[in-house]
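Descriptive structure summary
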Amino acid sequence: MDLHRVLIQPLLTEKVTAMRESNNTVSFLVHPEANRLQIKQAVETLLKVKVERVNVLNVQGKIKRLGRFSGKRSDWKKAFVKLKDGEKLELYESA
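Here the residue numbers are simple positions, counted from 1 along each chain's written sequence. Under the rules for a predicted model, residues below a pLDDT of 70 receive no local features and side-chain atom pairs below 80 are neither given nor counted, while totals for whole chains, interfaces and linings still include all residues. By convention in this description, side-chain values take in all heavy atoms of the structure and omit both hydrogens and water.

Remarks on unusual backbone geometry
- Not every positive phi belongs to a glycine, and Asn24 is a case in point at roughly 60°.
- Of note, Lys48 is a non-glycine position whose phi angle comes to about 55°, a positive value.

Printed below as a string of structure tokens:
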């Protein structure tokens, strides 16, 4: 898989911000077929930081209703990437 297709977008939530400040961990929305090694390679080559560990989580889409019609949001995958000590992402520092 192409490394540019592995990382879709960074996740910016309160929980991720707290994890970034305390554990030096960042989070990304990733391609559903990407594995830990591909995510690690993509972060290290595209963002030029050293990665210590990658944890991956599959998120099930919620079932939503609008009146009598029901539908389902898409399933997605997120990755928590722990950076090595001393590493920072400028992507998060500017926000």
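Points about the pairing of strand S2 (residues 25-30)
- We call a residue buried when its accessible area falls under 20% of the maximum for its residue type, exposed when it is over 50%, and partly exposed in between, using a 1.4 Å probe and counting protein chains only. We count a stretch as a helix when DSSP gives it H or I for four or more residues in a row; a strand needs E for two or more, and each element gets its number in order from the N terminus. Most of S2 is tucked away: six of the six residues are buried.
- Burial of S2 is two-sided: the residues Thr25, Ser27 and Leu29 facing one way and the residues Val26, Phe28 and Val30 facing the other way are all buried.
- The pairing of strand S1 (residues 7-10) with S2 spans three bridges and is antiparallel. The residue of S2 that forms the bridge with Leu7 is Val30.
- Strands qualify as paired when DSSP identifies two bridges or more between them. Bridging between S2 and strand S6 (residues 76-83) involves six bridges; their strand directions are antiparallel. Paired with Thr25 across the bridge in S6 is Lys82.

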